[in-house]
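Descriptive structure summary
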Amino acid sequence: MTEVRRTGAVPPSLWERDEEVATITRAVDVLCADRSSPGTLLEARGEAGVGKSALLAETRRIAEARGCTVWSARGGETLRSVPFNVVRQLLQPALVSMLPEEARDYLGDWYDIAGPALGITDPGERQADPQGVCDGLVAAVRRLARREWPLVLVIDDAHWADQETLRWLAALAERLDETSVLVVIARRPGDVSGDSARHLEAASAVGSPLAPLNALTPDATAGLTRATLGPHAEAAFCREVWAVTGGNLYETVELLAKVQDSELQPVEAEAAELRSLNRSARGSGLVARLEQLGVDATRFAWAAAILGGGITVDMVAALATLDRADAARCAELLRGARILSVPDTAGQPGGDELEFVHPLIATAVYNSIPGALRTAMHGIAAQLVTDSGLGAAAASRHLLKVYPDDDQEVVAQLREAAREHLAVGAPDAARRCLERALQEPPLPESHALVLFELGCATLLTAPSTTIGHLRTALAMPGLDGEQRVDAVFRLSQALLHNDQLEEAVRTVEAEAARNPDPSARLRLQAAQYMWEGIHAGETSSPHRSARLAELAATCTGRDNAERALLILRGFDAMTHGESVEEVVELCDRALVNGRLAPGLGWTDTEWGLELPMMLASSYAYADRLDRAEALFTEALRAYESAGWNGGHLALAHAYVGLGHRRRGRLRDAEQSLRASLRIAERVGRGLPLYWSATCNLVDTLLARGHVEEARTVADQYDFAPPYPSTIVLPDPRTVRGRLLLATGRTKEGVNELEAAEKAAAARGRHNPVVVPWATELARALAAEDPARAARLATDARRQAERFGTDTAIGEALRCAAALETGQRAVRLAAQAVTYLEASPCQYEHAAARVEYGIAARSAAELNRGMALADSCGADGLVARAREALAVVRAG
């Protein structure tokens, strides 16, 4: 608090706000000083009526006086269910003012992703990824900030903003270092919960809080009273003003305005009238004052409160059943009574909209509407919104307030609204609509369909909830044919995401057994083999691979179910270390003209991403890296283009990193894998995608020779048992065993590799490249138990020759050479070089060159190996070669 002002030069709403205004002024000055200055978020926090809105209005005045562009928006208590409501208020006017071509050019690839959420383009038919939409909105601000610099964004009542806007605000706050924009928000403490509270607190944590906005002191209230009513206001009168308002700035300003209107004298004798005047400004007193304006004005105010936003005379007239002239007269009455006002749209396209003078008034008016009438008015409002062509999604917030009444038209509207919400990236809004549709309820023949749609809406955000919805749907009549198969498949996906993989397998297996349609049964069998194939913990049945091979042998690839079985058989053969030629032949047969078939693409939802990932992984470990990298890169492009910036994009980056790692581009691999982890952090730890990114990053850092970094990553991201139930490539036990050995924890490393041995044996996974525990364990046991080490190396070589890739055989020979001495070691090392030189895996080739150079004491080979290692980014291998070269030259 600062010294109380004694003049009327400052607006009443800014009394005792010197410190806050100074902070805002400095922030505006910093923004205006340099286009490259980092962004800032300022937060004004305080209870209702303490002057937050007035401070934001002063922010606008200060910013505009310095030539800034200012866009503003406001949350609404009754509008929190409207997705993207607040961010649309902020950004839509500027984008709508552009020509469509200009807006598309400005937003670039983000136009089709963020455009539907902003209401500037129609959504597609596909469900949008919420994280992608959020990132698109952040990108939109970054681009608009460059165009409109210096740009100030002002958000009032942020505690009432919709969840989708708050998610965007939190994401924007994280990126302010690279976005030159000033964001100023006002919020109340509390009044928000769940995910919305988490997002708002995340934004607040990044921002800088303004000084706490407290109530006016008695001295400040006296100063404000005299500045408003005149210096002759008596002290007792001023003290009573403070006593009846508690120093609440809004109530104080309103009370003094009513004193002026009533021509009450500011003397002690009149002070007793202040309490009745103050009551008329809030609660029941406000309602009584509203009723004094007449029935029509009351109906007008009620209708405005129902609408919440987009309040126009014409819309209110239709809702309140008033003719245009009477509605206009009511609007003027309510403006004169300081209940409604014309919003300040300076700097933005204006209109004939109205708004409540203060949220406290809006809340009081809304709560004063009799319950049954309020519900009925929401129903009428929904029809008006629908008739005006704004769409089912816009009407849905009103339908959510209507009592269930067995109305199938309401069910249809809510289902359509859910589809619209999903298409713009608002699955929680879709969930609310479908849950409300179930309360109506739907007709028996469509009840299961609504449950199925609800399960699909919650699949990515709440898999455990999805499981319940889909199981209930499948137990009811109404899901037949392809829809039933789709529902069973979705249920198995939800079980997978909920770490119930064995239940996922049993679910599709049971449905396949009772489904009489051969094509449907084939799809379900493919799903069963898919989940079994990625299950890391299941003990492999000796007959599973044989059954799968027998089934795949009948497949020609004529439809996607057959193609799926070919992919699954190829992946199974690859992990088991069967002939690489057969693996590649199976994978090639699953393609159509060398490409993924329609319906099996990266963004197709019928089968999911698991199948193309299995296909690409099979190529990667079969030394067909050109095909694997093409598929991984295609996945990355597909997810980025579609705006799928959550788990799908994290996995795409992880597998692009895997491709780089296999190729030997270790620097590129590290970059991709760190990008994957950044995205995975937003999705949630412990998921299979998180393990894929972490395991591959640790493996890459070890290959680079960055052991301490690898240990730090492992500790930071909990790379330790228990392991996930789904398969991770490469094998996490082997990678962790290698890490333990590299950090000197030899016994623990050996134990981990022996655990990898048991797990691989249980699943029949004998590919020595995918699960290279044997070569790692042989090296670790070379001194302690050379006989066992030799047996392990021999077995690894046998498995490698069975699989038949140059990489597998070369790696087995490297291991065998490491266990030998003298000329035998030299001969084996030379053979390893020959095989790995033909392999696409350049890091392994470099390692073989260096080891051959050491065994043969060849400076030429060491130099060649060192150059190759350097091109890979294998710093540890370069250092090893350099040390060996020094020894050779010295000797």
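Residues numbered from 1 in each chain as written. Predicted model: local features only at pLDDT ≥ 70, side-chain atom pairs only at ≥ 80, totals over all residues. Heavy atoms only, no water.

A closer look at the overall build of the chain
Let me state the cut-off plainly: Helix and strand assignments follow DSSP, with helices taken as H or I runs no shorter than four residues and strands as E runs no shorter than two, numbered in order from the N terminus. Partly exposed describes any residue whose relative accessible area lies between the buried limit of under 20% and the exposed limit of over 50%, with all areas from a 1.4 Å probe on protein chains only and scaled to the type maximum. Contact definition: two residues touch when any of their heavy atoms are within 4.5 Å. Neither His nor the chain termini are counted; the positive set is Lys and Arg, and the negative set is Asp and Glu. Here the site of a charge means atom NZ of a Lys, CZ of an Arg, CG of an Asp or CD of a Glu.
Along its length, the chain carries 44 helices and eight strands. Of all 891 residues assigned to the chain, the portion counted as buried reaches 57%. Intrachain contacts of the chain at a sequence separation of at least 6 include 67% that bridge at least 24 residues. Seen as two clouds, the 95 positive and the 120 negative side-chain charges of the chain have centres 5 Å apart.

Topic: the sheet that holds strand β6 (residues 311-312)
To keep things clear, this is the line we draw: One requirement defines pairing of two strands: DSSP has to find at least two bridges between them.
With antiparallel pairing, the three strands of this open sheet are ordered in space as β6-β8-β7. Looking at the sheet topology across the chains shown, the edges are occupied by β6 and β7 (340-341). With two bridges joining them, β7 and strand β8 (residues 353-356) adopt antiparallel strand pairing. Along β8, the bridge assignment pairs L340 with F356.

A few points about helix α26 (residues 518-534)
The criterion, for reference: Here a helix's expected span is defined as the number of its residues, less one, multiplied by 1.5 Å.
Counted at 1.5 Å a residue, the expected span for α26 with its 17 residues is 24 Å, and the 24 Å between its end C-alpha atoms agrees. Burial runs high along α26: 13 of the 17 residues are buried.

Considering the environment of W242
Relative to the assigned elements, W242 resides in helix α10 (residues 235-245). W242 gets classed as partly exposed once you look at its relative accessible area, which sits at 32%. Placed 605 residues apart in sequence, W242 and A847 show a C-alpha to C-alpha distance of 81 Å. Those residues in contact with W242, other than ones at most four positions away along the chain, are L216, T217, P218, T221 and G247.

So, the pairing of strand β1 (residues 40-45)
Two elements, β1 and strand β4 (residues 181-187), share six bridges in a ladder whose sense is parallel. Bridge assignment links L41 to a residue of β4, and that residue is V183.

Focus on the packing of aromatic side chains
Where two aromatic rings form a pair, the distance of their centres and the angle of their planes describe that pair. Selection rule: Stacked, edge-to-face and tilted are the three classes for Phe, Tyr and Trp ring pairs, Trp counted by its six-membered ring, which pair at centre distances within 6.5 Å; planes under 30 degrees apart are stacked, over 60 edge-to-face, the rest tilted. Two limits define a charge over a ring: the Lys NZ or Arg CZ must be within 6 Å of the ring centre, and within 35 degrees of the ring normal.
Applying the stated criterion to the full structure yields seven aromatic pairs. By the ring-pair criterion, three or more aromatic residues cluster together here, those being F489, W531 and W607. Of note, R523 hangs over the ring of W607, and the distance from its end group to the ring centre comes to 5.4 Å.

Focus: helix α24 (residues 481-497)
Its 17 residues give α24 an end-to-end C-alpha distance of 25 Å, which sits within 8% of 24 Å, the value for a rise of 1.5 Å per residue. The set of residues buried in α24 consists of R484, V485, A487, V488, F489, R490, L491, S492, Q493, A494, L495 and L496. Buried positions along α24 lie against α22 (444-457), α23 (463-474), α25 (501-514), α26 and α30 (610-621). A positive phi of about 60° marks D499, the residue just after α24.

Observations concerning the packing of helix α42 (residues 842-856) against helix α44 (residues 875-890)
In plain terms, the rule: Angles shown run from 0 to 180 degrees and are taken between the N-to-C directions of axes, each axis being a line fitted to C-alpha atoms and, for helices, limited to the stretch in contact. Here the word oblique covers every angle except those under 35 degrees (roughly parallel), over 145 (roughly antiparallel) and from 65 to 115 (roughly perpendicular). Each crossing gets its hand from how the near helix is turned against the far one by less than a right angle, where anticlockwise is left-handed and clockwise is right-handed. Three categories are distinguished: nonpolar for Ala, Val, Leu, Ile, Met, Phe, Trp, Tyr, Cys and Pro, charged for Asp, Glu, Lys and Arg, and polar for the others, with Gly belonging to the last.
For the pair α42 and α44, the least separation of the axes is 10 Å and the interaxial angle reads 15°. Here α42 lies roughly parallel to α44, going by the angle between them. The interaxial crossing formed by α42 with α44 has left-handed handedness. Contacts from Y843, A846, A847, V850, E851 and I854 in α42 reach L877, R880, A881 and A884 in α44. Looking at the contact of α42 with α44 residue by residue, the classes come out as eight nonpolar, no polar and two charged.

Points about the nonpolar core
The test is simple: In these notes, a set of buried Ala, Val, Leu, Ile, Met, Phe, Trp, Tyr and Cys residues joined through side-chain atoms within 4.5 Å is what counts as a nonpolar core.
Counting residues in each nonpolar core, the largest one holds 195 residues, and the members touching the most others are F300 and W531. Among residues more than four places away in sequence, those in contact with F300 are V313, V316, A320, L322, A327, C330, A331, L334, L340 and L354.

A look at the sheet that holds strand β5 (residues 208-209)
Pairing is parallel across the open sheet formed by five strands, whose spatial order is β2-β3-β4-β1-β5. Each edge of the sheet is formed by a strand with only one pairing partner; in this case those strands are β2 (69-74) and β5. Here five bridges tie strand β3 (residues 151-156) to β4, and the two strands are oriented parallel to one another. By the bridge assignment for β4, I155 is matched with I185. Each of β1, β2, β3 and β4 touches helix α2 (residues 52-65); the most contacted strand, β3, lies at about 170° to it. Most of the contacts of helix α3 (residues 85-96) go to β2, to which it runs at about 150°, and overall it touches β2 and β3.

Focus on the confidence of the model for the chain
Using the following cut-off: A residue's pLDDT is the predictor's confidence in that residue, given on a scale from 0 to 100.
Residues of the chain with pLDDT of at least 70 account for 95%, and the chain-wide mean is 88. Looking across the chain, the model is least confident in helix α13 (residues 283-292), with a mean pLDDT of 71, and most confident in helix α40 (residues 806-818), with 97. Counted against residues more than four places away or in other chains, residues 1-8, with its pLDDT under 50, gives 19 contacts. For the stretch residues 346-350, pLDDT sits under 50, and the model shows 11 contacts to residues farther than four places along the chain or on other chains.

Describing the packing of α24 against α25
Axis separation between α24 and α25 bottoms out at 7 Å; the angle between their running directions is 165°. The angle between α24 and α25 falls in the class roughly antiparallel. Here α24 and α25 pass one another in a crossing that is left-handed. Here R484, V488, L491, S492, L495 and L496 of α24 come into contact with α25, specifically with L501, E503, A504, T507, V508, E511 and R514. Of the residues that constitute the contact of α24 with α25, the class distribution is seven nonpolar, two polar and four charged.

Re the side chain of T245
One can find T245 in helix α10. Other than its neighbours up to four places away in sequence, T245 contacts E251, T252, L255 and N278.

Focus on the pattern of salt bridges
What counts, and what does not: Any carboxyl oxygen of Asp or Glu that lies within 4 Å of a side-chain nitrogen of Lys or Arg is treated as forming a salt bridge with it.
One pass over the structure, following the stated rule, counts 63 salt bridges. D572 is the partner of R569 in a salt bridge, and the nearest nitrogen-oxygen pair spans 3.5 Å. Here R569 and its partner D572 are both found in helix α28 (residues 560-576), three residues apart, which amounts to about one turn of the helix. D572 gets classed as buried once you look at its relative accessible area, which sits at 4%. R661 is the partner of E844 in a salt bridge, and the nearest nitrogen-oxygen pair spans 3.3 Å. Taken as a pair, E844 in helix α42 and R661 in helix α32 (residues 647-663) lie far apart in primary sequence, 183 residues in all. Among the residues examined, E844 registers a relative accessible area of 5% and is labelled buried. With a relative accessible area of 9%, R661 lands in the buried category. What emerges from the salt-bridge pattern is a single network uniting R661, D699, R738, E776 and E844.

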